[in-house]
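Examining the three-dimensional arrangement
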Amino acid sequence: EKEGYDHFMIKEINEQATAVRNTLTQRENIENIIKDFDDITRICFVACGTSYHASLTGKYLIESLAGIPTDVILASEFKFSQKTLNENTLVIFISQSGETADSLKALDVANETSKTLGIVNVAGSSITRRAQYVIQTQAGPEIGVAATKTYVSQLTAIYLFAALMAKDENLLNELNNVPDFIDEVLKDVESIKSMSKRYNYAKDFFYLGRGYSYPTALEGALKLKEISYIHGEGYAAGELKHGPLALIDEGIPVVVVIPPGDSHKKTMSNLEEVKSRGARVLAFGAADDEELALKAPEVFKINPEVSEIIAPLVYIVPLQLLSYYITIEKGFDPDKPRNLAKCVTVE
Ligand code: M6R
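Residue numbering note: each chain is counted from 1, following its sequence as written. Confidence filtering applies because this is a predicted model: local features only for residues at pLDDT of at least 70, side-chain atom pairs given and counted only at 80 or more, and all residues used for totals across whole chains, interfaces and linings. Here the side-chain values reflect all heavy atoms present in the structure, with hydrogen atoms and water set aside.

In the annotation of an unreviewed UniProt entry, the protein is listed under the name Glutamine--fructose-6-phosphate aminotransferase [isomerizing] and assigned to Methanobrevibacter millerae. UniProt positions are given in the numbering used here, feature names are shortened, and annotations may be inferred rather than shown by experiment. Per UniProt, the protein carries the Subunit (unreviewed entry) text "Homodimer."

This is the structure in structure tokens:
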């Protein structure tokens, strides 16, 4: 079933353009669903792990495009927010499996007061049966424990949802380019392989991103720790000087997610901060970014047309590849990380 690939994870990473393309077909379904959401004044996302990172991106999109106050709550911490829900709240549950115990428990509670929407990959799963509305992501079955193609599919559904809520035709059009952008990244796998050979010695990694790229930094770090067992810490670039900068010293790899756009300038100054303290910077930015080429010793180059707003859908791909190849270098099985299960059915 691995169809010639060494592992499910790399097969699934390579299926991401298709996963996005297939999930874009949900547009009409989402248009129909949101007709019922005219009275919604607040949105809460509830999720765990990678699905939580997709939700964070959703908050940024919905608040900035549609102006609807949006919270993101870890399913395991949901009970504290219970009393804040009412009939004008939409609670969105994001889950690959549709069976995560913490999310299911929160869903039962939210159903008592609020509208509930599940964004789920596994058809017929518990969340699809219990949520009032469902958007089915179209990633196909995901076998690797590390979520990859389901993450970009969740993001695709969220982008469609936010863009349709905000009636943002430009963004809707831009989304159609994402599958090609992803395939372009996948063509440059050799650069990531050689990077992984140079960095697999590390005990700790930092991942920095700002704005839309902040959840990408968190997700990149989660992928690293989950399968390579290297400590990876994702941070909002602006938070660095509020503590973790103290940890930056000679030789520590710092991944900087720096697409072109509004936050570029500030992220660049964070890049310089860590570089001047001896960090080994691995930048992920636009191919035509001359300033970046000058300032970062190592740059993975991405199509300059990938704007800051759609960067989360594309920039995560080289970070998944980096974690995968570092794990291979270290001799671990990326499909079956220790202590972890694909589906977490206990609270
Ligand atoms: O099935 P779910 O999306 O509800 O699962 C949530 C998390 O357990 C999951 O995303 C986990 O963090 C992944 N293994 C990360 O790669």
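Continuing now.
What follows deals with the packing of helix α10 (residues 189-199) against helix α14 (residues 311-330). Relative orientation of the contacting elements α10 and α14 amounts to 50°, with a least axis distance of 8 Å. When the axis of α10 is compared with that of α14, the two are oblique. Between α10 and α14 lies a crossing of right-handed hand. Residue-level inspection shows V189, I192, K193, M195, S196 and K197 of α10 in contact with α14, the latter providing P318, L321, L322, Y325, I326 and E329. Side-chain classes are defined by residue name, with Ala, Val, Leu, Ile, Met, Phe, Trp, Tyr, Cys and Pro counting as nonpolar, Asp, Glu, Lys and Arg as charged, and the others, Gly among them, as polar. For the contact of α10 with α14, the per-class residue count stands at eight nonpolar, one polar and three charged. Interaxial angles span 0 to 180 degrees and are taken between N-to-C directions of axes, which are lines fitted to C-alpha atoms, for helices over the stretch in contact. What counts as a helix is a DSSP run of H or I of at least four residues, what counts as a strand is a run of E of at least two, and both are numbered from the N terminus. Here the angle decides the label: under 35 degrees means roughly parallel, over 145 means roughly antiparallel, 65 to 115 means roughly perpendicular, and every other value means oblique. Whether a crossing is left-handed or right-handed is set by the direction in which the near helix is turned from the far one by less than a right angle, anticlockwise for left-handed and clockwise for right-handed. Any pair of residues with heavy atoms lying within 4.5 Å of one another is described as a contacting pair.

With that out of the way, let us pick up empty space enclosed by the protein. Buriedness of a pocket was judged along seven lines, with at least five required to meet protein on both sides within 12 Å; pockets are open sets of points on a 1 Å grid over the protein atoms alone, cavities are sets where a 1.4 Å probe fits but cannot get out, and lining residues have an atom within 4 Å of a point. Grid points are joined across faces, edges and corners, and a volume is the space filled by probe spheres set on the points. As enumerated under the stated definition, the model contains two cavities of 30 Å³ or more in all. Volume-wise, the largest cavity comes out at about 40 Å³. R210, S213, V257, I258, P259, S263, H264, T267 and E308 are the residues that line the largest cavity. For the lining of the largest cavity, the secondary structure elements donating two or more residues are β8 (253-258) and α12 (264-276). When the residues that make up the lining of the largest cavity are grouped by side-chain class, the tally is three nonpolar, four polar and two charged. Here the second largest cavity defines a volume of roughly 30 Å³. Lining the second largest cavity, in full, are A286, A287, D289, L292, A293, V299 and K301. Its residues assigned to classes, the lining of the second largest cavity comprises five nonpolar, no polar and two charged.

Around the ligand lies a shell of 13 residues, among which S51, S95, Q96, T100 and E226 are the nearest. Counting of polar contacts relies on pairs of N or O atoms within 3.5 Å, with two restrictions inside protein: one atom must be capable of donating a hydrogen and the other of accepting it, and residues adjacent in sequence are counted only when both atoms are side-chain atoms. For the ligand, an oxygen atom lies 2.7 Å from a polar atom in the side chain of S95. Contacts to the ligand include S97, whose side-chain N or O atom sits 2.7 Å from an oxygen atom. Coverage of the ligand by the protein amounts to 90% of the 420 Å² it exposes when considered alone. The pocket occupied by the ligand, as judged from atoms lying within 2 Å of grid points, is the largest pocket. Of all the secondary-structure elements, those providing two or more residues to the shell around the ligand are α4 (49-66) and α11 (213-228). Ranked by the residues each element gives to the shell around the ligand, the list is headed by α4, at three residues. A breakdown of the residues in the shell around the ligand according to their chemical character gives four nonpolar, seven polar and two charged. Note on definitions. A residue lies near a molecule or strand when any single heavy atom of the residue is within 4 Å of it. Here the Shrake-Rupley method, with its probe set to 1.4 Å, supplies the accessible areas, and only the displayed protein chains count as covering residues. Being in a pocket or cavity means that more than half of the molecule's atoms lie within 2 Å of its grid points.

With that out of the way, let us pick up the sheet that holds strand β3 (residues 89-95). Within a sheet, neighbouring strands are paired by backbone hydrogen bonds and run either parallel or antiparallel to one another. Spatial ordering of the open sheet is given by β2-β1-β3-β4-β5, a layout of five strands whose pairing is parallel. With partners counted over all chains shown, the strands left at the sheet margins are β2 (70-74) and β5 (133-136), one partner each. Adjacent strand axes in the sheet meet at a mean angle of 20° when their direction is disregarded. One bridge is not enough; two strands pair if DSSP finds at least two bridges between them. Alignment of β3 against strand β4 (residues 115-120), held across six bridges, turns out to be parallel. Bridging across to β4, I94 finds its partner in I119. Relative to β3, helix α5 (residues 101-113) is tilted by about 160°, and along the sheet it contacts β1 (42-47), β3 and β4.

Here we take up the pairing of β8. Burial status follows relative accessibility: with a 1.4 Å probe on protein chains alone, a residue under 20% of its type maximum counts as buried, one over 50% as exposed, and anything between as partly exposed. For β8, the buried fraction is high: six of the six residues fall into the buried class. Every second residue of β8 is oriented toward a common face, with P253, V255 and V257 on one face and V254, V256 and I258 on the other, all of them buried. Bridge count between strand β6 (residues 204-209) and β8: three bridges; the pairing is parallel. Bridge assignment links L208 to a residue of β8, and that residue is V256. Across six bridges, β8 lies against strand β9 (residues 280-286) in parallel orientation.

With that settled, the discussion passes to α14. Taking 1.5 Å of rise per residue, the 20 residues of α14 would be expected to cover 28 Å, and the 29 Å separating its terminal C-alpha atoms lies within 8% of that figure. Counting buried residues along α14, 17 of its 20 residues qualify, which places the element largely inside the surrounding structure. G331 sits one or two positions beyond α14 and adopts a positive phi of about 85°. A helix is expected to span 1.5 Å multiplied by its residue count minus one.

By convention in these notes, a salt bridge is any Lys or Arg side-chain nitrogen within 4 Å of a carboxyl oxygen on Asp or Glu. Counting across every chain of the model gives 19 salt bridges. For D108, the salt bridge identified is with R130, shortest N-O distance 2.8 Å. With D108 in helix α5 and R130 in helix α6 (residues 126-130), this residue pair connects regions lying 22 residues apart in the sequence. For E219, the salt bridge identified is with K223, shortest N-O distance 2.6 Å. Of this pair, E219 and K223 both sit in helix α11, four residues apart, roughly one helical turn. In terms of burial, E219 and K223 fall into one category: buried. Salt bridges here are not isolated pairs; linked through shared partners, they connect K11, E15 and K149.

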